[in-house]
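Structural characterization, general
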Amino acid sequence: SSSSSSSGPRGGRGMQWPFSAKVTLGGETRLVQLSASAGYADLLGQVQAKFPNTGPVLLKYVDKDGDLVTITCRGDVQLALAESLKAADRRLGVIPPMRVTATPVDKSEVPPIPLEEQQEAMAAMLQQQKQLQQLAAAQQAAQQQQAAAKQTAQTQSGEVIEIDDWLVEFANLFREMSGIDADRHIDAHNEGWAGTSRAMEATLRSEQAAPLFDKAIERFKEVTATGYLNWGNVYLCRGHKALDVAALQGQEATQELVDKVSAEFDAAEAKVQEALGVKPDLFDAASTMANIYFDRAKLAAKLLVKPLPGPGEGGAQGGKEAEA
């Protein structure tokens, strides 16, 4: 069988795609990348993108007993992910991919996408359209003000200050290179508050109100835990940066360097532990914690590894290795 893969967005170490799935169709196996909150619609869409000429397929995952379980909703995908997480090698920070089989069937045999996931997809599409409209408006405004070389802001005391363009560009570069999504907490906050508002509008005696409150609680827990996780990832990136600089300069892992990086890893672990304390089932936090343990092991062995070259830095040979 042949195999191919697609890589997720590149960020700092520990910020790769949370998990993957090996999908087998006939005699061919391909790798798909999914987020930790992926549902049936997400997985089905990824499979159809990997096998575009197949048509309708029935998806099943292989559970821990080796049985094939039909996937029909987000809960099935999350259960398969949970089993992969339990099988993870925490010493190496390696999480095995979930195994999925795709079988061509008649369209009538394909389980329908749950209404909730359809609504989420529609909401995401509308949000994307809104963002595109906002981007177009912002670009138009920028063109009208392109003569201004600096940006201004006003402090609470009324003092007007100028913000150099390089500061804004550096902030955008940091966000891109670190992989930290600064807007994720806003999305989760809005979802949580929307759930609370719907429940408040319902009659207090209504049986439909309680589940909405429960959903709002989970959303707010998620935004809090994500904030702690992103905070910890900043410390982790600083520790990796110190190690990369030392490796590129051909330095040895001195005790001073070990102590400095250990302090960054300690701070990162503390914040990730706080995230897990708020939401113990947050997959990204568990994955990051595994990476911290792995990084600590390399640091204890005083192992310095030169970072891989970025896009365009590795030459033709690096390009061939990336394609492989």
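One can find the structure itself at the top, above this paragraph.
The shown structure was predicted, so the numbers you read here are calculated from the model rather than taken from an experiment.

Observations concerning the overall build of the protein chain
On a plain count of helices and strands, the protein chain comes out with nine helices and seven strands. The buried share among the 324 residues of the protein chain stands at 30%. Counting contacts in the protein chain only where the partners sit at least 6 residues apart, residues at least 24 apart contribute 64% of the total. Element-wise, carbon and sulfur atoms account for 54% of the exposed surface of the protein chain, whose accessible area totals about 20700 Å².

A look at the layout of surface pockets
Its boundaries defined by the atoms lining it, the second largest pocket holds a volume of some 160 Å³. Around the second largest pocket sit Y61, V62, D63, K64, A80, E83, S84, A87, P96, P97, M98 and R99, which together line it. Taken together, the elements giving at least two residues each to the lining of the second largest pocket come down to β3 (57-62), α2 (74-86) and β5 (98-104). Here the lining of the second largest pocket gets three residues from one element, more than from any other, and that element is α2.

Examining unusual backbone geometry
Apart from glycine, the bulk of residues carry a negative phi angle, and the bulk of peptide bonds sit in the trans form. The backbone phi angle of K302 is positive, close to 55 degrees, even though this residue is not glycine. Taking the relative accessible area as the measure of exposure, K302 reaches 45% and is therefore partly exposed.

Details of the nonpolar core
With 27 residues, the main nonpolar core has V23, L43, V47, L59, I71, V100 and A102 as its most contacted residues. When residues of this core are traced back to their parent elements, those giving at least two are β1 (19-25), β2 (28-34), α1 (40-50), β3, α2 and β5. Once residues lying within four places of it in the same chain are set aside, the contact partners of L43 are V32, L34, L59, I71, V77 and V100.

Details of the pairing of β3
Where β3 lies against β5, five bridges are found, and the strand directions are antiparallel. Among the inter-strand pairings, K60 is bridged to a residue of β5, identified as T101. Both β3 and strand β4 (residues 68-70) contribute to a ladder of three bridges, which runs antiparallel. If you follow V62 over to β4, its bridge partner there is L68. Count of turn residues in the β3/β4 antiparallel hairpin: five residues, of which G66 carries a positive phi of about 85 degrees.

Some points on the packing of aromatic side chains
For the structure on display, the rule yields one aromatic pair. Residues Y228 and W231 carry aromatic rings whose centres are separated by 6.5 Å and whose planes lie at 10 degrees to one another, so their mutual orientation is stacked. Taken together, the positions of Y228 and W231, both in helix α6 (residues 209-248) and three residues apart, correspond to about one turn of that helix. K271 extends its terminal NZ or CZ atom over the ring of W231, reaching a point 3.6 Å from the ring centre.

Details of the sheet that holds β3
A sheet is described by the order of its strands in space; here five strands give the open sequence β2-β1-β5-β3-β4, paired in mixed fashion. The sheet is open, and its two borders are formed by β2 and β4, each paired with just one other strand. With direction set aside, neighbouring strand axes in the sheet form an average angle of 35 degrees. Sitting on the sheet, α1 touches β1, β2, β3 and β5, and the angle it makes with β2 is about 135 degrees. Packing against the sheet, α2 makes contact with β1, β3, β4 and β5, and its axis sits at approximately 30 degrees to β3.

Concerning the pairing of β5
Inspection of the sheet shows β1 paired to β5 by four bridges, in the parallel sense. Within β5, the residue paired with T24 across the bridge is T101.

What counts and what doesn't
Residues numbered from 1 in each chain as written. Predicted model: local features only at pLDDT ≥ 70, side-chain atom pairs only at ≥ 80, totals over all residues. Heavy atoms only, no water. Helix = DSSP H or I, 4+ residues; strand = E, 2+ residues; numbered from the N terminus. Buried < 20%, exposed > 50% of the residue type's maximum accessible area, 1.4 Å probe, protein only. Contact = heavy atoms within 4.5 Å. Areas by Shrake-Rupley, 256 points an atom, 1.4 Å probe, with all protein chains shown as cover. 1 Å grid on protein atoms, 1.4 Å probe; cavity = no way out; pocket = protein on both sides within 12 Å on 5 of 7 lines; lining within 4 Å. Points joined across faces, edges and corners; volume = space filled by probe spheres on them. Core = buried A, V, L, I, M, F, W, Y, C linked by side-chain atoms within 4.5 Å. Pairing = 2+ DSSP bridges. Phe/Tyr/Trp six-rings, centres within 6.5 Å; stacked < 30°, edge-to-face > 60°. Lys NZ or Arg CZ within 6 Å of the ring centre and 35° of its normal. Axes fitted to C-alpha atoms, helices over the stretch in contact; angles between N-to-C directions.

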